Amino acid sequence: MTDAGTGSGRLQPSVAAIVVVKPGMQTTVQDEGRWGLQARGVPVAGPMDPVSHRLANALVGNARDAALLEITLVGPELEFDDERMVAVTGAAFDLWLDGRPVPHNAAFTAAAGSRLRFGERRIGARAYFAIAGGIAVPPTLGSRATHLISAMGGIGGRAIRARDRLPLGDATGVPSAAGQSSPIVPLPDRHARIRVLPGPQAELFSSEALDVLQSAPYVIAQNSDRMGFRLEGPRLTHWRGADIISDATPLGVLQVPASGQPILLMADRQTTGGYPKIATVIAADIPIAGQLGPSDTITFAVCTPREALSALIAQERALMAVEARRS
Amino acid sequence: MSTSYRIVPAGDAAVIVEFEERIDPAVNARTIACAEAIQAMNMPGVRDVVPTYRSVAIYFDPLRTDGDALLERIAHEAEHAVVPDATTSVPVRIPVCYGGELGPDLASVAVFAGMPEEEVVRVHSSATYRVFMLGFVPGFAYLGLVDERIAMPRHSTPRVRVPTGSVGIAGVQTGIYPTESPGGWQLIGRTPTRPFDPARSEPFLMKAGDSVQFYAIDRVEYDRLARAE
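A word on the overall build of chain A. Counting secondary structure elements, chain A contains 4 helices and 18 strands. Over its C-alpha trace chain A gives a radius of gyration of 20 Å, about what one expects of a compact globule, namely 20 Å for 327 residues. Reported as C-alpha extents along the three principal axes, the dimensions of chain A are approximately 60 × 45 × 35 Å. Across chain A, the fraction of contacts at a sequence separation of at least 24, relative to all contacts at a separation of at least 6, is 79%.

The next subject is the overall build of chain B. Tallying secondary structure elements over chain B gives 5 helices and 13 strands in all. Taking 2.2 N^0.38 as the reference for a compact globule, 229 residues should give roughly 17 Å; the C-alpha atoms of chain B span a radius of gyration of 19 Å, in line with that estimate. Taken along its principal axes, the extent of the C-alpha atoms in chain B is 55 × 35 × 35 Å. Residues counted as buried form 46% of the 229 residues belonging to chain B. Restricting to contacts in chain B with at least 6 residues of sequence separation, those with at least 24 account for 61%.

This paragraph deals with the environment of Gly36 of chain A. Among the secondary structure elements, Gly36 of chain A is positioned in the loop between strand S2 (28-30) and helix H1 (50-60). Residues Gly36 of chain A and Gly142 of chain A, 106 residues apart in the sequence, show an inter-C-alpha distance of 9.5 Å.

Taken together, the contact between chain B and chain A spans 38 residues of the former and 38 residues of the latter. When contributions to the side of chain B that touches chain A are tallied by element, the ones reaching two or more residues are strand S1 (6-9), strand S2 (14-18), strand S3 (46-51), strand S4 (55-60) and strand S6 (129-134) of chain B. By residue number, the principal contributor to the side of chain B that touches chain A is S3 of chain B, which donates 5 residues. When the residues that make up the side of chain B that touches chain A are grouped by side-chain class, the tally is 26 nonpolar, 6 polar and 6 charged.

Residue and element names in this part refer to chain B. Taking 1.5 Å of rise per residue, 17 residues should cover 24 Å, and helix H1 (residues 25-41) covers 24 Å from first to last C-alpha, within 8% of that figure. Among all positions of H1, only Val27, Asn28, Arg30, Thr31, Ile32, Ala33, Cys34, Ala35, Glu36 and Ile38 are buried. At its buried positions, H1 is contacted by S2, S3, S4, helix H2 (67-80) and S6. Two residues or fewer past H1, Asn42 is found with a positive phi of approximately 50°.

Residues and elements named next belong to chain A. Where burial is concerned, most of strand S3 (residues 68-72) is hidden: 5 out of the 5 residues are buried. Bridging between S2 and S3 involves 3 bridges; their strand directions are antiparallel. The partner of Thr28 across the bridge, within S3, is Glu70.

Take the sheet that holds strand S12 (residues 228-232) of chain A next. Residue and element names in this part refer to chain A. The mixed closed barrel is built from 7 strands, whose spatial order is S10-S17-S14-S15-S12-S11-S18. Pairs of neighbouring strands in the sheet enclose a mean axial angle of 40°, with direction left out of account. Alignment of strand S14 (residues 253-255) against strand S17 (residues 277-281), held across 3 bridges, turns out to be antiparallel. Counted as the bridge partner of Leu254 is Ala279 from S17.

Moving on, we come to the domain arrangement of chain A. All names here are of chain A. Each assigned domain of chain A is listed here: domain 1 (17-167) and domain 2 (191-322). Each partner contributes residues to the interface: domain 1 has 26 residues there, and domain 2 has 17 residues. Secondary structure elements with two or more residues in the side of domain 1 that touches domain 2: H1, strand S5 (84-97) and strand S8 (115-131). Looking at the side of domain 1 that touches domain 2, the element that brings in the most residues is H1, giving 7 residues.

Residue and element names in this part refer to chain B. Strand order in the open sheet made by the 4 strands is S1-S2-S4-S3, with antiparallel pairing throughout. Single-partner strands in this sheet number two, and they are S1 and S3. Averaged over all pairs of adjacent strands, the angle between their axes in this sheet comes to 15°, without regard to strand direction. The pairing of S3 with S4 spans 5 bridges and is antiparallel.

As a further point, take unusual backbone geometry. All names here are of chain A. Between Gly199 and the following residue, Pro200, the backbone shows a cis peptide bond with an omega angle of 20°. Position of Pro200 relative to the elements: it lies in the loop between strand S10 (191-198) and helix H2 (209-213). Positive phi values are uncommon outside glycine, yet Ala45 reaches one of about 55°. A positive phi angle is found at Arg163, which is not glycine, with a value near 80°. Looking at the secondary structure, you find Arg163 in the loop between S8 and strand S9 (165-167).

Moving on: the confidence of the model for chain B. When pLDDT is averaged across chain B, the result is 95; 98% of the residues are at 70 or more. Scored as a whole, the predicted complex attains pTM 0.93, and scored at its interfaces, ipTM 0.94.

For the rest of this paragraph, the subject is the environment of Leu68 of chain A. Residues and elements named next belong to chain A. Tracing the chain through its elements places Leu68 in strand S3. What makes Leu68 buried here is the crowd of 28 C-beta atoms within 10 Å. Taking the C-alpha atoms as reference, Leu68 lies 5.8 Å from Ile135; in sequence the two are 67 residues apart. Setting aside residues up to four positions removed in sequence, Leu68 forms contacts with Gln30, His53, Ala56, Asn57, Tyr128, Phe129, Ala130, Gly134 and Ile135.

This part covers the domain arrangement of chain B. Residues and elements named next belong to chain B. Split by domain assignment, chain B resolves into domain 1 (6-85) and domain 2 (89-228). Here domain 1 and domain 2 have C-alpha centroids that lie 29 Å from each other. Across the contact, 8 residues belong to domain 1 and 7 residues belong to domain 2. It is H1 that contributes the most residues to the side of domain 1 that touches domain 2, 4 residues altogether.

Cut-off values and rules
- Residues numbered from 1 in each chain as written.
- Chains lettered and ligands numbered in written order.
- Predicted model: local features only at pLDDT ≥ 70, side-chain atom pairs only at ≥ 80, totals over all residues.
- Helix = DSSP H or I, 4+ residues; strand = E, 2+ residues; numbered from the N terminus.
- Rg over C-alpha atoms; globule rule 2.2 N^0.38 Å.
- Contact = placed C-beta atoms within 7 Å.
- Buried ≥ 20, exposed ≤ 12 C-beta atoms within 10 Å, placed from the backbone.
- Nonpolar A, V, L, I, M, F, W, Y, C, P; charged D, E, K, R; others polar.
- Expected span 1.5 Å × (residues − 1).
- Pairing = 2+ DSSP bridges.
- Axes fitted to C-alpha atoms, helices over the stretch in contact; angles between N-to-C directions.
- Domains from an automatic or database assignment.
- pLDDT = per-residue confidence, 0-100.

What follows is the structure, given as structure tokens:
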């Protein structure tokens, strides 16, 4: 057995690294995900808020699929081996570099030996910390994304721990000239309106179920995580039972077990499942859902495919504008 | 040949082709042929193609995909994809040490079936199974169809920890746990063969559409093979 699947922290001292002083609540290495192997049962993983992930990489001059840290609710403290450009996007935390405040959504230089500490979280659930050169743990099946349940990717398939050394790639990119950005997607303040398209199995529910879904907010239950959000709210009724022949479970799909309480499937979802799926969150609103945590609330709204596409195009233009500043 | 199917969107970044709603080798063969044909097209923007028992999910980037062209090609393949001749595939052969501490549910499956344990082993290991799909965890293959006589339903309360390599039955399905995980299937034995190992040059032992046979080995042989893995 080699450790290609475990990304060990035992590395040559010459490789530049970040040293984890404090890990935060659940901080994981994420690139854009392990695509192309769902037919073999391999979950995609990747960022909960893909827009903030991409923005963080753009700000420090990385390729969009570079690996970085996803930070959940409570942030880490990190020490740098060498001088690098870094940036934090997504959830807004107070950020301190050797005790001095540093900005959110902006690239700044971290000197060799300096420490970045995440302080109080102001809004949003997940921050993204990118560093020029990216985090260069060995890829597993073509990706560095951490999938916690199958213990794959990142550092040994787990969240980072104190004293981990996160190896860094060579910083060859050019940081975004302006070095800062306004947020691409406004951060939700513990409640969000999330747009869905009906299907793929809306017809397996009672005729009023889509109206019921939009009738009142759903609360995200405590046992919600990167796999999915268990939602508590208006009960959705199936008209012929809650079991289907297992099929694929796309990102953002709302699957509904017999309880009638939907589960919103997120980044670490399994590849397949056996519950009917009433509706699917549009791609442009996945980043907003990704900024919610336990006890936050969601109001669902059915939209049109045209609205879904124009929202996505607007995000893409904003991201490309930041990425273009690199040249 | 025309078979009923429908194409349904799943949000704005995935579309699903559904064939007849039953667990059936012919429907599944058609499903997999359709998935392989779509995969082989290598269309720009398509990120993943996932066949299951009777449907194919196609994941794509909405900003880098010609949606109309994609739907057209999917409909074409759903209609016309050529189903390969099943008799040409060489079965994957998997050794299993049945019963004892490695197969703690063999005795209850024997009671369920009203036959001796050795007969359950003979029935389970004499069939050639089809890999209908993979899912649940990396490398987990849903195999079928299990002989009705030994098709015991899963436990009502799943085990918290099922060891890697455990071979289980759940109704007409059988399968191998590729990694230690929770699980509710009736565990009749264990294999030293790893269905999934990301460090191996071919990480996956099986893919959808393969055929699989189990053969019985004793504990000495199990231990020898387990050391060699």
